[in-house]
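# Structural characterization, general
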Amino acid sequence: MRIGKQDAPFTSICTSDAHSINVRGLDLCEDVIGKIDFTSYFWMLVTGTLPTPTQLFFCNAVLAAIAEHGLVPSVVASRMTFAAAPEAFHGAVAAGLLGCGSVVLGSAEVAGRFYAECVEATESEGADASDIAKAKIIARRADKQPIPGFGHPQHSDGDPRANLLLRLAEEHGIVGKHIGMLRAIQDILPEAIGRPLPINVNGAIPAVMLDVGFPLAALKGISLLARTASIIAHLQEETERPIGFIMSGAAADKIEFVPS
């Protein structure tokens, strides 16, 4: 049974023979190992080309910005899974990443698609960014959807990571259509919803990465790659100072049983 497109049976990422491994046109042993840093290699794997110095700088910056933020849901899931199955390190990593969705960890992708949609609307309709931002915000609110990339439960006065990334974007001269749209949304929020909201890191990351040329479809990969590093660190700590069952017990103590 034929399912889906089947008219392009090829890959351009990697091939190998008995003597060599070729990745994106480079010999892995001759051209990559010991010569290209991992972030550049990641960029090349995703896009097919090595990053410019500016692209490398911002890719490193956003990976560092999103990797770690304490006992967030992905970390809690990983540590509790490892406590229950210490033989499955890989399973504990996967448990954390499986929760990468529209609310936590994967929200940068949601924000990026929203900003790209707004930018496309300004170009196709020849409209002002503020007008498009206001219309899109009102539409989301009518559907009871949050404004992606804005607000934070802890950093209510402004997400320091977002503030730094956007300041670096200004300093490096890479502010483009997506950061411009992010700012337009920020400026129109008080009028559109009646109050201002701070830009969070999941708003800054996609705006910055899209403006330096990272593909929209791969945005979630930034968060996944960064958080994988953090999860590995937490699992290593779990082997030395386990808290997985402490968190499990705390949940049991906190949640009240109510008969159905």
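Above this note sits the structure.
Bear in mind the structure is a predicted one, so any value in this text is a computation, not a measurement.

## With respect to the overall build of the protein
Across its full length, the protein holds 12 helices and 3 strands. Seen through its principal axes, the protein has C-alpha atoms that stretch 60 × 60 × 50 Å. By element, 58% of the accessible surface of the protein is carried by carbon and sulfur atoms, the whole surface being about 14,400 Å². Within the protein, one finds 20 positive and 28 negative side-chain charges whose respective centroids are separated by 5 Å.

## Focus on the packing of aromatic side chains
Considering all chains together, one arrives at 5 aromatic pairs under this definition. When the ring of Phe82 is compared with that of Phe89, the centres are 6.0 Å apart and the planes differ by 80°; the resulting orientation is edge-to-face. For Phe82, a relative accessible area of 9% translates into the label buried. Plain terms: the ring middles of Phe114 and Tyr115 are 6.1 Å apart, the flat faces sit at 55° to each other, and that makes the pair tilted. Residues Phe114 and Tyr115 agree in their burial class; the two are buried.

## Let's talk about the pattern of salt bridges
For the structure on display, the rule yields 9 salt bridges. For Arg161, the salt bridge is made with Asp159, and the minimal N-O distance between the two is 2.8 Å. Residue Arg161 is classed as buried on the basis of its relative accessible area of 18%. Between Arg241 and Glu237 there is a salt bridge, with the nearest N and O atoms lying 2.8 Å from each other. Judged by its relative accessible area of 52%, Arg241 falls in the exposed class. In the salt-bridge network here, residues are joined through shared partners; they are Arg79, Glu237, Glu238 and Arg241.

## Examining the packing of helix 9 (residues 177-193) against helix 10 (residues 201-211)
In contact at an axis separation of 7 Å, helix 9 and helix 10 are set at 150° when each is read in the N-to-C sense. By the angle class used here, helix 9 and helix 10 are roughly antiparallel. Judged by residue contacts, Lys177, His178, Ile179 and Leu182 of helix 9 engage Gly203, Ala204, Ala207, Val208, Leu210 and Asp211 from helix 10. Counted by class, the contact of helix 9 with helix 10 contains 6 nonpolar, 2 polar and 2 charged residues.

## Focus on helix 6 (residues 107-125)
The α-helix advances 3.6 residues per turn, and as a result positions three or four apart in sequence lie on the same side. With 19 residues, helix 6 extends 27 Å between its outermost C-alpha atoms, agreeing within 8% with the 27 Å of an ideal straight helix rising 1.5 Å per residue. Turning to helix 6, its buried residues number three or more, namely Ser107, Ala108, Glu109, Ala111, Gly112, Phe114, Tyr115, Ala116, Cys118, Val119, Ala121 and Thr122. Where helix 6 is buried, its residues touch helix 7 (129-142), helix 9, helix 10 and helix 11 (219-240).

## As for the nonpolar core
Counting 49 residues, the largest nonpolar core has Phe150, Ile185, Met209 and Ile222 as its most contacted members. Only helix 2 (38-47), helix 3 (53-67), helix 6, helix 7, helix 8 (160-171), helix 9, helix 10 and helix 11 provide two or more residues apiece to this core. Setting aside chain neighbours within four positions, we find Ile185 in contact with Phe114, Tyr115, Ala133, Ile137, Ile147 and Phe150.

## A few points about helix 4 (residues 73-84)
A rise of 1.5 Å per residue sets the reference length of helix 4, with its 12 residues, at 16 Å; its end C-alpha atoms lie 16 Å apart and thus fit the reference within 8%. Those residues of helix 4 not exposed but buried are Ser74, Val75, Ser78, Arg79, Phe82 and Ala83. Seen from one end, helix 4 has its buried residues packed into an arc of 165°, which puts them on one side. Along helix 4, exposed side chains directed more than 90 degrees from the buried face belong to Pro73 and Ala84.

## As for the sheet that holds strand 2 (residues 21-23)
In spatial order, the strands read 1-2-3; together these 3 strands make up an open sheet with antiparallel pairing. Only two strands of the sheet have a single neighbouring strand rather than two, namely strand 1 (14-16) and strand 3 (26-27). Direction of pairing for strand 2 relative to strand 3: antiparallel, over a ladder of 2 bridges. Following the sheet pairing, Asn22 is matched in strand 3 by Asp27.

## Description of unusual backbone geometry
One non-glycine residue, Leu105, lies in the positive phi region at around 75°. In this structure, Leu105 sits in the loop between helix 5 (89-97) and helix 6. For Leu105, a relative accessible area of 4% puts it in the buried group. Within the chain, Lys144 stands out as a residue other than glycine whose phi angle is a positive 60°.

Conventions used here
Along each chain, residue indices are assigned from 1 in the same order as the chain's sequence is written. Reporting in this predicted model follows two pLDDT cut-offs: at least 70 for local features of residues, and 80 or more for side-chain atom pairs to be given and counted; totals over whole chains, interfaces and linings ignore these cut-offs and use all residues. Water and hydrogen atoms play no part in the side-chain values, which are based on all heavy atoms of the structure. Only DSSP runs of H or I with at least four residues qualify as helices, and only runs of E with at least two residues qualify as strands; both kinds are numbered from the N terminus onward. What sets the accessible areas is the Shrake-Rupley method with a 1.4 Å probe; for residues, cover comes only from the shown protein chains. Positive charge is attributed to Lys and Arg, negative charge to Asp and Glu, and no charge count is given to His or to the chain ends. Charged side chains are reduced to one point each, which is NZ for Lys, CZ for Arg, CG for Asp and CD for Glu. Two rings belonging to Phe, Tyr or Trp (six-membered ring only in the last case) form a pair when the distance between their centres is within 6.5 Å. Interplanar angles under 30 degrees mark stacking, angles over 60 mark edge-to-face geometry, and anything in between is tilted. Three labels apply to residues, based on accessible area from a 1.4 Å probe with only protein chains included: buried if under 20% of the type maximum, exposed if over 50%, partly exposed otherwise in between. The salt bridge definition used is simple: a Lys or Arg side-chain nitrogen within 4 Å of an Asp or Glu carboxyl oxygen. Angles here are taken between N-to-C directions and fall from 0 to 180 degrees, while the axes themselves are lines fitted to C-alpha atoms, restricted in helices to the stretch in contact. Here roughly perpendicular refers to angles of 65 to 115 degrees, roughly parallel to angles under 35, roughly antiparallel to angles over 145, and oblique to all remaining angles. Contacts are assigned to residue pairs with any non-hydrogen atoms lying within 4.5 Å of each other. Only Asp, Glu, Lys and Arg are considered charged in this grouping, and only Ala, Val, Leu, Ile, Met, Phe, Trp, Tyr, Cys and Pro are considered nonpolar; every other residue, Gly among them, is considered polar. Each helix should span, by expectation, one fewer than its residue count multiplied by 1.5 Å. Definition of nonpolar core: a set of buried residues of the types Ala, Val, Leu, Ile, Met, Phe, Trp, Tyr and Cys, connected through side-chain atoms within 4.5 Å. Directions drawn from the helix axis to the C-beta atoms are what define this arc. Any two strands are treated as partners once DSSP identifies two or more bridges connecting them.

These figures capture arrangement, not role.
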